Amino acid sequence: MFSGIVEECATLVAMVKEQENVHFTFTCSFVNELKIDQSVSHNGVCLTVVSIEGNTYTVTAMKETLDRSNLGLLKVGDEVNVERSMMMNGRLDGHIVQGHVDQTATCIGLQDAEGSYYFTFRYAFDKEMARRGYITVDKGSVTVNGVSLTVCNPTDDTFQVAIIPYTFEHTNFHAIREGSVVNLEFDIIGKYISRMIEYAK
């Protein structure tokens, strides 16, 4: 489980395809604190550390993960947002994030708000999935590339988020442009409530 409070950006230094899987090797400042089998969120995707060598570590993504997220679009040199799993004895600064990406979205707008930024994203809308909670709601929570954010101005298939300078500088939001593909995880609480309502009918 994660909180959506990104620790830093890790840099992809190597990637190796093995059948339908891809092994991604990253470097970041806390490699020496990692352990084999530890879970780390990469752009919101929970992946397991499978090896550590020097100042790099490797995680493996299977086909389902590559198809559902933007990890399959990564190139060596790209930055990803990373967060280690949440410690249960601390404050929940973001919201409950599972690290299970639901789908991707595309940036369709970027507006400078005199220091902060508004990003607008569009995702594929499915009415049946929306009934199950795969939607955004005004002032609700959404995870974009692993970052816990508050939704603004949602429509059926779009929403905005406001990004403060600190988040812009310390996550890969500084690299997002119109056309960039990001990972989305909708709020798990909303999914459960929607599912319970469906079964209560």
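Residues numbered from 1 in each chain as written. Predicted model: local features only at pLDDT ≥ 70, side-chain atom pairs only at ≥ 80, totals over all residues. Heavy atoms only, no water.

### Notes on the nonpolar core
Residues F24, F26 and Y57 are the most contacted members of the largest nonpolar core, which totals 22 residues. The set of elements that each furnish at least two residues to this core consists of strand 1 (8-18), strand 2 (21-27), strand 4 (45-53), strand 5 (56-61) and strand 6 (79-84). Ignoring sequence-local partners within four residues, the contact set of F24 consists of L12, A14, M15, Y57, T58, V59, A61, L66, L71 and L74. (Core = buried A, V, L, I, M, F, W, Y, C linked by side-chain atoms within 4.5 Å. Buried < 20%, exposed > 50% of the residue type's maximum accessible area, 1.4 Å probe, protein only. Helix = DSSP H or I, 4+ residues; strand = E, 2+ residues; numbered from the N terminus. Contact = heavy atoms within 4.5 Å.)

### Observations regarding the pairing of strand 6
In terms of residue burial, strand 6 counts as a mostly covered element, since five of its six residues are buried. Across four bridges, strand 1 lies against strand 6 in antiparallel orientation. Note that in strand 6 the partner of T11 across the bridge is E79. Both strand 3 (residues 39-42) and strand 6 contribute to a ladder of three bridges, which runs antiparallel. Within strand 6, the residue paired with S41 across the bridge is E83. (Pairing = 2+ DSSP bridges.)

### Concerning unusual backbone geometry
Its identity as a non-glycine residue notwithstanding, Q19 has a phi of 55°, on the positive side. Structurally, Q19 is set in the loop between strand 1 and strand 2. Accessibility expressed as a relative area gives 73% for Q19, which makes it exposed. In this structure, N153 is a non-glycine residue whose phi angle is positive, near 50°.

Scope: geometric values only; no functional claims are made or implied.
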